[in-house]
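Residue-level structure breakdown
These are the residues of each chain, in order.
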Amino acid sequence: MTLPPLSAEPPRPIVDTRRYVLPLLLAYPVLAIAGDVTHRQIFPLIALLLLATALMLPRLLMLRMGEWLAWLAILAALLLSSVFGFADLLLESVPILVSALLAIGFGRTLGTSEPLVARFIVALEGRERLAQPGVARYAHDITWSWTLLLAAQALLLAMLLLCAEHTGVLARLGFTSPLPVSDRWAAMWLHVGGYLVLAVAFALEYGYRRWRLRHLSHPGLHDMLLKLMLQWPQLMHGKEASPR
C-alpha cells in the first residue's frame, strides 16, 4: 500500500458563500447613505471594506496567503484615503465603475459570434435554444440595449459625482458646477437609484423576452437569477457555461 506524501494537505470543504455575501452587499448602500448624511469618513470606509470583502470572500475562505495579503493592502489603502479625506469620494466612484465595467463587458462581446445575452441563453437553456428562430437576433439586440443603458448610466453617475452642489468634485476643487445637483439626490442616485434602474430594466427585459419569444417556454425568474449568479464569472470571461 502506498502512503500519501506527508506534505499533502487534506482538501478543504467548499463553503457556500452566498449566505455571507448578501448581508455584506445589503449593508453597503446603508453605510454609503449614512456617510452622505453624517459626513463622517468612518461610514464610507466601512462600506468600501465590506464591498471588497464580499467580492474577495470565496478566495479568502480558502485561506490563501496571497488573497489575505491583498485584502490587507486594500485595508491599508482605505485607511490612508480616510486620513486624507478621500474615502467618501472613492465610495461614490464605485457605482460609476460598476456601470462602466458592465457596459464594457456587454459591449466587447458584440463583435463576437456569441454576444453576452446569447451566452446567458446557452447557460440557462442550452445551445439548442439559441438555434431556434429569432432567438439569436433577440440576444444580439438585447446585448446592444444593455450596453447602451449601462454606458448612459455610467455617464449620468459621473455627472452627478462631478456636479453635486457642495460635495461634488468640482465644488471640492473650488469651481462652480454648470449643472448644480442637490447633494442628497446625487447621493441617493449614486448609491440606490442607479441599482434600482438596473433591477427594473432586468425585470422589464424578462417580461419583454417572454412576450417577444412567447412561442417558446421560459425558465422561472428565480431559477434564471440563481443560474446567472452561479455562472456569471465564466460568462463574463467568455468561457463555456453548461446549463444545469
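Residues numbered from 1 in each chain as written. Predicted model: local features only at pLDDT ≥ 70, side-chain atom pairs only at ≥ 80, totals over all residues. Heavy atoms only, no water.

A word on the overall build of the protein. Looking only at helices and strands, the protein has ten helices and zero strands in total. Mapped in sequence order, the helices and strands of the protein form the string α-α-α-α-α-α-α-α-α-α. Of all intrachain contacts in the protein linking residues separated by at least 6 positions in sequence, the fraction that spans at least 24 positions is 64%. For the protein, the accessible area works out to roughly 14800 Å², and carbon and sulfur atoms hold 71% of it. (Helix = DSSP H or I, 4+ residues; strand = E, 2+ residues; numbered from the N terminus. Contact = heavy atoms within 4.5 Å. Areas by Shrake-Rupley, 256 points an atom, 1.4 Å probe, with all protein chains shown as cover.)

We now examine the packing of aromatic side chains. Counted according to the given criterion, the structure contains five aromatic pairs. Look at phenylalanine 106 and tryptophan 146: their rings are 6.0 Å apart centre to centre, the planes differ by 25°, and that puts the pair in the stacked class. Note that phenylalanine 106 is positioned in helix α4 (residues 87–107) and tryptophan 146 in helix α7 (residues 135–163), a separation of 40 residues in sequence. Each of the two residues, phenylalanine 106 as well as tryptophan 146, counts as buried. (Phe/Tyr/Trp six-rings, centres within 6.5 Å; stacked < 30°, edge-to-face > 60°. Buried < 20%, exposed > 50% of the residue type's maximum accessible area, 1.4 Å probe, protein only.)

Of all ten residues in helix α5 (residues 116–125), ten are buried; the element is thus mostly enclosed. When we look at burial in α5, the residues that qualify are Leu116, Val117, Ala118, Arg119, Phe120, Ile121, Val122, Ala123, Leu124 and Glu125. Of the residues flanking the end of α5, it is glycine 126, one or two places downstream, whose phi is positive at about 95°.

Here the structure, examined in full by the defined rule, presents four salt bridges. Between arginine 212 and aspartate 141 there is a salt bridge, with its nearest N and O atoms 3.7 Å apart. Of this pair, arginine 212 sits in helix α9 (residues 183–212) while aspartate 141 sits in helix α7, placing them 71 residues apart in sequence. Overall, the relative accessible area of 27% leaves arginine 212 in the partly exposed class. In this structure, glutamate 205 engages arginine 209 in a salt bridge whose closest nitrogen and oxygen atoms are separated by 3.0 Å. Highlighted residues: glutamate 205 and arginine 209, both in helix α9, separated by four residues, approximately one helical turn. Note on glutamate 205: relative accessible area 9%, which makes it buried. (Salt bridge = Lys/Arg side-chain N within 4 Å of Asp/Glu carboxyl O.)

A word on the environment of proline 133. With respect to the helices, strands and loops of the structure, proline 133 is situated in the loop between α6 (127–130) and α7. For the pair proline 133 and leucine 213, spaced 80 residues apart in the sequence, the C-alpha separation amounts to 9.3 Å.

Look at α4 against α7: their axes get within 8 Å of each other, and the N-to-C directions meet at 160°. Overall, the two elements α4 and α7 adopt an arrangement that is roughly antiparallel. Relative to α7, α4 is oriented so that their crossing is left-handed. Across from Leu89, Glu92, Ser93, Pro95, Ile96, Ser99, Ala100, Leu102, Ala103, Phe106 and Gly107 in α4, the residues of α7 making contact are Thr143, Trp146, Thr147, Leu150, Ala151, Gln153, Ala154, Leu157, Ala158 and Leu161. Partitioned by chemical class, the residues of the contact of α4 with α7 number 14 nonpolar, six polar and one charged. (Axes fitted to C-alpha atoms, helices over the stretch in contact; angles between N-to-C directions. Parallel < 35°, antiparallel > 145°, perpendicular 65-115°, else oblique. Left-handed = near helix turned anticlockwise from the far one by under 90°. Nonpolar A, V, L, I, M, F, W, Y, C, P; charged D, E, K, R; others polar.)

Another aspect to go through is the nonpolar core. Counting residues in each nonpolar core, the largest one holds 19 residues, and the members touching the most others are Phe106, Val117, Ile121, Leu130, Val135, Trp146 and Leu150. Contributions of two or more residues to this core are made by α4, α5, α7 and α9. Beyond its immediate chain neighbours, meaning those up to four positions away, tryptophan 146 contacts Phe106, Val117, Leu198, Ala201, Phe202 and Glu205. If you look at the next biggest cluster of nonpolar residues, it comprises 15 residues, including Leu24, Leu31, Ala54 and Leu78. (Core = buried A, V, L, I, M, F, W, Y, C linked by side-chain atoms within 4.5 Å.)

For the protein, the average pLDDT comes to 77, and 78% of its residues sit at 70 or higher. The low-confidence segment residues 6–15 (pLDDT under 50) makes four contacts with residues lying over four places distant or belonging to another chain. Per-residue pLDDT stays below 50 along residues 240–244; that stretch engages in 18 contacts with residues further than four places along the chain or on separate chains. (pLDDT = per-residue confidence, 0-100.)

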